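Coordinate analysis (summary)
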There are 2 protein chains.
Amino acid sequence: MSKQVSTLKEVALPAVTTSARMAGEERRLQILRVAMRLFAHSGFRGTTTKKIAQAAGVSEAMVFRHFATKDELYDAILDQKACDGGMGDPRVFLDDAIKRRDDRAVFETLALRMMLHHEQDTEFLRLLTHSALEGHQFSEMFWERVVTDLYEFLGGYVRERQRDGAFRNIDPVVIVRAFAGMVIHHSLNNTLWDKKRRLLDITDEQAARAFTGILLSGISEKAEARATRGRRAHQSTRRVSSRNK
Amino acid sequence: MSKQVSTLKEVALPAVTTSARMAGEERRLQILRVAMRLFAHSGFRGTTTKKIAQAAGVSEAMVFRHFATKDELYDAILDQKACDGGMGDPRVFLDDAIKRRDDRAVFETLALRMMLHHEQDTEFLRLLTHSALEGHQFSEMFWERVVTDLYEFLGGYVRERQRDGAFRNIDPVVIVRAFAGMVIHHSLNNTLWDKKRRLLDITDEQAARAFTGILLSGISEKAEARATRGRRAHQSTRRVSSRNK
DNA sequence: TTGCAAAGTAAGTGCTTACTTACCATCGCT
DNA sequence: AGCGATGGTAAGTAAGCACTTACTTTGCAA
C-alpha cells in the first residue's frame, strides 16, 4: 500500500432542480429524501447540513426550519425506515407455506423477500450498518424488534419440523443464523463490497433457490428430500444474470 | 420511536498513563495502537486527532510529529492490518486437509481460523466495514487481494471434489458464498450487533462445526457422508458457552 | 388590492477541526 | 559540564461545522 491513500469519495449529487417555491410539507419530504440518500452514503458524521441543503436546492436555514437539529432529521429518516419494518411481516407472507409444511417455499420466499428488499432499498442496509458502527439506537431497535422476532418465528418453525422428524436435531437458532448468514451476507456483498458483481452475478431468485437448496439438504433428516429438487438449480450460473447483457 | 433519539455513545477511553518521555519509535507505535482502537470504534471522520492525542497521553502536536496528516496515520494503520493478511494463508494451513480430501477438515478449520481471527482482532472487521461504507481504498484492496483469492482457491477445491463425484453440481462460487456468508455473518453478529450474544451464544468451535455440517450435508452427493458425523454436534448449544458463567 | 402568513435567504455566531509555529525539557555523549 | 539532537508542549490559525438572526419574497384569501 502506498502513502496518502485515503481519499473519501465525494459524491457530487446533482442539486435537485426544483426551482420554484414549494409547499411546506412538500419541501419537508424532499429534504427528507435527499438527506436519506446522503446519510446512507456517508453516515451521520460524514453528511453536513450544508450538503443536504445544497442537494435539496435550498439554503441551510430552510433545513433547520423543518428540522430543529441535524439529529432530529436523522431520527425522522430512521423512524420512516423502521416503520417500513423492512419487508413486511414474515408471519403473514409465509403463513400459507408454513401451513402446508412446504419447507422449500418457506425458506425460499423468505430469502427472496429479504434480498429483494435489500436490493430495491439499498439505503436501508447502509443506514443500518452505519448505525450499528456508530452505536446508534436505530440498529439496537431494529435488532430487538425485527431480528429477534424473526429468529423466534423461524426458529419455532424449525423446531416444529424437527418434532415432525423432517429436520435433523440441530439447534434451531444455529440453523436460522446459517440461513440468515447466507442471505444477508449475499445482500451485503452486492450493495457494499462487490457492486459490480464481479465475483458472483446471479439473480435474487437464483440465489434464493441455491441457498435454500443447500440449507434444506443440509438440515433434512431424509435423504430423499434432497434428491427430489435442487438438482438442476444451477450449473454455472456464474456471470450469466438475466439482468446483465 | 421517540424524538431526539440519537446520542452517539462517547467512549471515554482512559488516557494511557505513560507518564514519562518515550523513545521515538515506541511513542509512534503507541499512537498507532491507540488510534487503531479509536478509528475502529468511530471510523475515520468520527475520530479526532485531539481524542487520539488525549488517549495516547500526549499533545496533538506529537501526533503530527509522527504522522504528517490524519490520513497518513489512518493509512499506516490499514497498511499494518493489510499486512497481517487477516489470518494467514489458507493455501498453507489447509494444505494437509486438502491433500487428504478431508472436506470436513478443510471447511471446519477455515471457518474456525476466520472466526478466531475476527474475535481476537475485533478492530479488523470494524475497520473493514467502516472502510467499505466510506468507499476507502482499503476495503477495495482487501476485496481484490484476499477475498477474490479465497473464492478462487476454495472454489477450485470445490470444483475438484465435484469432479471426484463427492459434491453435487452446484456453482462453486455460490457454495463459497454460502459458506463465507454463514461464517462472516456470524462474526459480524458477534462483534457488531449482538455483542452480548443474547440470541446465540456458542463457541467458535461449535459454530465452525455446525456450519460445516450444514454446508457439507447440503452439498454432498452421497447420503452416507451426512450420517457419519455431524449428528451429535449440538442439541441446544444455545446460551451455554464455555466462556459465560 | 392589499395584508399577512409562510417560503425563502444572506450573513452571521461561536465552537470544533486538522494542522502549525515557536518555544521548552531532557537525555546521552564527549 | 555543556551541548546538540530529540521528546514534548502551549498557543495559535484558518477552514468547516451546526445552528441563528434579521431580513426579503411570494402566494393567496378577504
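Residues numbered from 1 in each chain as written. Chains lettered and ligands numbered in written order. Predicted model: local features only at pLDDT ≥ 70, side-chain atom pairs only at ≥ 80, totals over all residues. Heavy atoms only, no water.

**Here's the deal with the protein's contact with DNA strand D**
Around DNA strand D sit 20 residues in total, of which A:K70, B:M22, B:G24, B:S59 and B:R65 are the nearest. Here a phosphate oxygen of DNA strand D sits 2.9 Å away from a polar atom, N or O, in the side chain of A:T49. Within the contact set of DNA strand D, a phosphate oxygen lies 2.9 Å away from a side-chain nitrogen or oxygen of B:R27. Listing elements by their share of the surface near DNA strand D, those giving two or more residues are α3 (60-66) of chain A together with α1 (24-42) and α3 (60-66) of chain B. For the surface near DNA strand D, the class distribution of residues is eight nonpolar, six polar and six charged. (Near = heavy atom within 4 Å. Polar contact = N/O pair within 3.5 Å; in protein donor to acceptor, adjacent residues only side chain to side chain. Helix = DSSP H or I, 4+ residues; strand = E, 2+ residues; numbered from the N terminus. Nonpolar A, V, L, I, M, F, W, Y, C, P; charged D, E, K, R; others polar.)

**Observations regarding the confidence of the model for chain A**
Residues and elements named next belong to chain A. Averaged over all residues, the pLDDT of chain A is 83; the fraction at 70 or higher stands at 81%. Per-element averaging of pLDDT across chain A places helix α12 (residues 224-228) at the bottom with 43 and helix α10 (residues 172-193) at the top with 97. Scored below 50 in pLDDT, residues 1-18 makes 39 contacts in the model with residues more than four places away or belonging to other chains. For residues 224-245, every residue scores under 50 in pLDDT, and the model assigns this stretch 42 contacts once sequence neighbours within four places are set aside. (pLDDT = per-residue confidence, 0-100. Contact = heavy atoms within 4.5 Å.)

**Notes on the side chain of A:S187**
In this structure, A:S187 sits in helix α10. Once residues lying within four places of it in the same chain are set aside, the contact partners of A:S187 are A:M115, A:H118 and A:L125.

**Remarks on empty space enclosed by the protein**
Taken as a whole and assessed by the stated rule, the structure comprises four cavities of 30 Å³ or more. If you list the elements that add at least two residues to the lining of the largest cavity, you get α8 (122-134) of chain A together with α8 (122-134) of chain B. Counting residues per element, the lining of the largest cavity draws most heavily on α8(A), at three residues. Roughly 50 Å³ of volume is contained in the second largest cavity. Elements with a contribution of two residues or more to the lining of the second largest cavity: α7 (103-120) and α10 of chain A. Here the lining of the second largest cavity is built from residues that sort into one nonpolar, five polar and three charged. (1 Å grid on protein atoms, 1.4 Å probe; cavity = no way out; pocket = protein on both sides within 12 Å on 5 of 7 lines; lining within 4 Å. Points joined across faces, edges and corners; volume = space filled by probe spheres on them.)

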